[in-house]
Amino acid sequence: MRVARLIAVLLASGFALLAAAVFLSTFPANAATEREVAARESGAPLVYTDHPSRPSKERIIALYVDRDFGDHERQRIVAAMRQWNYVLNGFVRFTAKLLPDDPSSAEIAQIRRSGGWIVAKVDSRHPVTRQAEGRTALAVTVSGGGGGFVYVIGDRIGSRDLTGVVMHEFGHVLGAGHDGYGLMAPVYNANNGHCIDRDAAALVARAQRLPLAQMNWCEPNAGYSPPMASRH
Ligand SMILES: [Zn+2]
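Predicted, not measured: the structure shown is a model, and the values here were computed from it.

1. With respect to the overall build of the protein
Summing up its helical and strand segments, the protein has seven helices and five strands in all. Going from the N terminus to the C terminus, the protein shows its helices and strands as α-α-β-α-β-α-β-β-β-α-α-α. Taken over 232 residues, the protein has a buried fraction of 50%. Relative to all contacts within the protein whose residues are 6 or more apart in sequence, the contacts with residues 24 or more apart total 73%. Counting every atom, the protein has about 10900 Å² of accessible surface; 52% of that belongs to carbon and sulfur.

Here it is, written out as structure tokens:
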């Protein structure tokens, strides 16, 4: 909870702070398996499209994951990241590191200045849950000056699908707003939020100026419905 408290302080102070170094990469990254991981995590093989892409350069978005998340939760966050990486198809790529243990405000400021995003585990006592949409949200994304924060409100997630909830927030990180249906619907729906649908990919394509036809998305209506047993 130290991170959460520190972040609350930073929120209040407007993030005007110092510099320092960031370290530690503990998540294995293997681009070659991302499609398989995405397919497996979405609950079915071949549910995603497989479009060729021709990115002229790759843009990296660095995620820093709070150590308050347990191993199982970290895996779900990485699964959400990998599905997006598959959808983004080489144009933009998320990387994930663990936040330093008990990070200083200088370290947090450095991450923000470098355009990094902090995925923080908080609970419903956190100040962010008292602001507008945070009152009833499962998670809240706050951006500002390049990077920002994804707050996961742990005690509200309960048995809901953390991968789906985080995938929705990563859509916001990528600049997508809300949509009426599917992953980017404002209200979490276990049936619609399990993979990155075409509408969600289109919102991100627009925000990031990417060619949608060279991105990927899941096609959940291709005679497939996710097994309820995989939702927990
Ligand atoms: Zn949202």
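2. Observations regarding the coordination of the zinc ion
Coordination of the zinc ion by the protein comes from H168 (NE2), H172 (NE2) and H178 (NE2), over a distance range of 2.0 to 2.1 Å. All donor residues of the zinc ion come from one chain, and their arrangement in sequence is H-x3-H-x5-H. Here H168, found in helix α6 (residues 162–173), pairs with H178, found in the loop between α6 and α7 (198–208); they are ten residues apart in sequence, far enough to count as distant.

3. A closer look at α7
When we look at burial in α7, the residues that qualify are A200, A201, A202, L203, V204, A205 and Q208. Next to the buried residues of α7 lie β1 (59–65), α3 (71–88), β2 (92–98) and α6. One side-chain oxygen of the residue at the start of α7 lies 3.2 Å from the amide nitrogen of D199, identifying that residue as D197. Positive backbone phi, approximately 55°, marks R209, located one or two places after α7.

4. Notes on the sheet that holds β2
Spatially, β2-β1-β3-β5-β4 is the arrangement adopted by the five strands of the open sheet, whose pairing is mixed. Every other strand in the sheet has two partners, leaving β2 and β4 (139–143) as the edge strands with one partner each. The average angle at which neighbouring strand axes cross in this sheet is 20°, direction not considered. Strand direction decides the pairing type here: β4 and strand β5 (residues 148–153), joined by five bridges, are antiparallel. Note on β5: the bridge partner recorded for T141 is V150. Against the sheet, α6 engages β1, β2, β3 (117–122), β4 and β5, with an angle of about 20° to β4.

5. Some points on the layout of surface pockets
Its volume calculated, the largest pocket comes out at about 420 Å³. Taken together, 23 residues form the lining of the largest pocket, with A137, A139, H168, E169 and P186 sitting closest to its centre. Among the elements that line the lining of the largest pocket, the one with the most residues is α6, at five residues.

6. Notes on unusual backbone geometry
Positive phi, close to 55°, is recorded for N89, a residue that is not glycine. Residue position: N89 is located in the loop between α3 and β2. Within the chain, D102 stands out as a residue other than glycine whose phi angle is a positive 50°. Within the element layout of this structure, D102 appears in the loop between β2 and α4 (105–113).

7. Here we look at α3
With 18 residues, α3 should reach 26 Å at 1.5 Å per residue; the first-to-last C-alpha distance of 25 Å fits that figure. Counting buried positions over the 18 residues of α3 gives 14, a clear majority of the element. Count one or two residues on from α3 and you reach N89, which has phi positive near 55°.

What counts and what doesn't
- Residues numbered from 1 in each chain as written.
- Predicted model: local features only at pLDDT ≥ 70, side-chain atom pairs only at ≥ 80, totals over all residues.
- Heavy atoms only, no water.
- Helix = DSSP H or I, 4+ residues; strand = E, 2+ residues; numbered from the N terminus.
- Buried < 20%, exposed > 50% of the residue type's maximum accessible area, 1.4 Å probe, protein only.
- Contact = heavy atoms within 4.5 Å.
- Areas by Shrake-Rupley, 256 points an atom, 1.4 Å probe, with all protein chains shown as cover.
- Donors = N, O, S within 2.8 Å, 3.2 Å for Na, K, Ca; no water.
- Polar contact = N/O pair within 3.5 Å; in protein donor to acceptor, adjacent residues only side chain to side chain.
- Pairing = 2+ DSSP bridges.
- Axes fitted to C-alpha atoms, helices over the stretch in contact; angles between N-to-C directions.
- 1 Å grid on protein atoms, 1.4 Å probe; cavity = no way out; pocket = protein on both sides within 12 Å on 5 of 7 lines; lining within 4 Å.
- Points joined across faces, edges and corners; volume = space filled by probe spheres on them.
- Expected span 1.5 Å × (residues − 1).

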